[in-house]
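What follows is the residue order along each chain.
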Amino acid sequence: MKFFLWGSEKLPNRPKLLDLFQGLLGGTLAILTLEYLTIYSGSYFIMAPFGASCVILFAVSQSPLAQPRNVIFGHLISAFIGLIFLKLFGDSIFITALAVGCAIAAMQFLRCVHPPAGANPLVILLTASQVNYDFSFLLFPVLSGSISLVIIAYAINNLLSKNQWPIYWLAFFNDKKEK
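Reference entry: report on the structure contained in this document. (Residues numbered from 1 in each chain as written. Predicted model: local features only at pLDDT ≥ 70, side-chain atom pairs only at ≥ 80, totals over all residues. Heavy atoms only, no water.)

Observations regarding the overall build of the protein
Here's step 1: Check the secondary structure of the protein and you find seven helices and zero strands.
Here's step 2: When the helices and strands of the protein are read in sequence order from the N terminus, they spell out α-α-α-α-α-α-α.
Here's step 3: Seen through its C-alpha atoms, the protein measures out along the principal axes to roughly 50 × 45 × 40 Å.
Here's step 4: Here the protein, with 179 residues, has 39% of them falling under the buried criterion.
Here's step 5: Once local pairs closer than 6 in sequence are excluded, the contacts in the protein between residues at least 24 apart make up 76%.
Here's step 6: With an accessible surface of roughly 11200 Å², the protein has 69% of that area assigned to carbon and sulfur atoms.
Here's step 7: Counting 11 positive and 7 negative side-chain charges, the protein places the centres of these two groups 13 Å from one another. (Helix = DSSP H or I, 4+ residues; strand = E, 2+ residues; numbered from the N terminus. Buried < 20%, exposed > 50% of the residue type's maximum accessible area, 1.4 Å probe, protein only. Contact = heavy atoms within 4.5 Å. Areas by Shrake-Rupley, 256 points an atom, 1.4 Å probe, with all protein chains shown as cover. Lys, Arg positive; Asp, Glu negative; His and termini not counted. Charge placed at Lys NZ, Arg CZ, Asp CG, Glu CD.)

Following this line, the structure appears as structure tokens:
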């Protein structure tokens, strides 16, 4: 037990004050914006996995997991898989687990892994008895919310950080050859 509590491994460096402020400001502004867009538009812009997306977008923005392609397509693909599984197979525990696994594999195959998006099939399948999901869910909140997060991340990350964000956008047409 002592190994787990007082291990010899090295912790990451403490973040700089500006990095802490960026996470605080980015996460607060992003979620507040999504909530206000939901209130004033009459359409949903927010869902629980977006909180985790904010962690990645504002605390580790240089990660491949935090790039616009990953955020937008990761959420879209995972939610689509969740909806397909719900419509075709229902919401059993096996189907829920399989939908999450398929969402992970699809994000890997399409090179748009975004860990918070892995929760989308869970959100859909675990709440299917309370919410009547249709494919408009892909537009509101999934696509609209993830694009809004990317826009806010662009503003906050480029305003407060010396690192340019994003490293890449959607990368539909990649000229670089794979090896």
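Don't stop here, the text continues.
Some words on a nonpolar patch on the surface
Here's step 1: Together, L32, Y36, I39 and Y40 line one region of the surface with nonpolar side chains, adding up to about 480 Å² of accessible area.
Here's step 2: For Y40, the location among the structural elements is in helix α2 (residues 17-41).
Here's step 3: Given a relative accessible area of 67%, Y40 falls into the exposed group. (Patch = residues over 30% accessible without salt bridge, like charges linked within 9 Å, V, L, I, M, F, W, Y side chains within 5 Å. Salt bridge = Lys/Arg side-chain N within 4 Å of Asp/Glu carboxyl O.)

Overview of the packing of helix α4 (residues 68-89) against helix α7 (residues 139-160)
Here's step 1: At a closest axis distance of 9 Å, the pairing of α4 and α7 adopts a crossing angle of 165 degrees. Of the possible angle classes, the one that applies to α4 and α7 is roughly antiparallel. Crossing hand, α4 versus α7: right-handed. Residues P68, V71, I72, H75, L76 and A79 of α4 form the contact with α7, whose own contacting residues are V142, L143, S146, I147 and V150. (Axes fitted to C-alpha atoms, helices over the stretch in contact; angles between N-to-C directions. Parallel < 35°, antiparallel > 145°, perpendicular 65-115°, else oblique. Left-handed = near helix turned anticlockwise from the far one by under 90°.)

Let's talk about the packing of aromatic side chains
Here's step 1: The full count for this structure, using the stated rule, is eight aromatic pairs.
Here's step 2: Taking the centre distance of 5.9 Å and the plane angle of 10 degrees together, the rings of Y36 and Y40 count as stacked. Pair noted here: Y36 and Y40 are both in helix α2, with a separation of four residues, about one helical turn.
Here's step 3: The partly exposed category is assigned to Y36, whose relative accessible area is 43%.
Here's step 4: Among the aromatic residues, those joined into a ring-pair cluster are Y154, W165 and W169. (Phe/Tyr/Trp six-rings, centres within 6.5 Å; stacked < 30°, edge-to-face > 60°.)

Topic: α2
Here's step 1: Given a rise of 1.5 Å per residue, 25 residues ought to cover 36 Å, and the 35 Å separating the end C-alpha atoms of α2 matches this to within 8%.
Here's step 2: Of all the residues in α2, the buried ones are Q22, G26, G27, A30, L34 and T38.
Here's step 3: On its buried face, α2 sits against α3 (49-59) and α7.
Here's step 4: One or two residues past the end of α2 sits G42, with phi positive at roughly 80 degrees. (Expected span 1.5 Å × (residues − 1).)

Some remarks on the side chain of H114
Here's step 1: Inspection of the secondary structure puts H114 in the loop between α5 (93-109) and α6 (120-126).
Here's step 2: A relative accessible area of 0% places H114 in the buried class.
Here's step 3: Within polar-contact distance, the side chain of H114 engages the backbone oxygen of L65 at 2.8 Å. (Polar contact = N/O pair within 3.5 Å; in protein donor to acceptor, adjacent residues only side chain to side chain.)

Take it as geometry only, folks, not as evidence of what the structure does.
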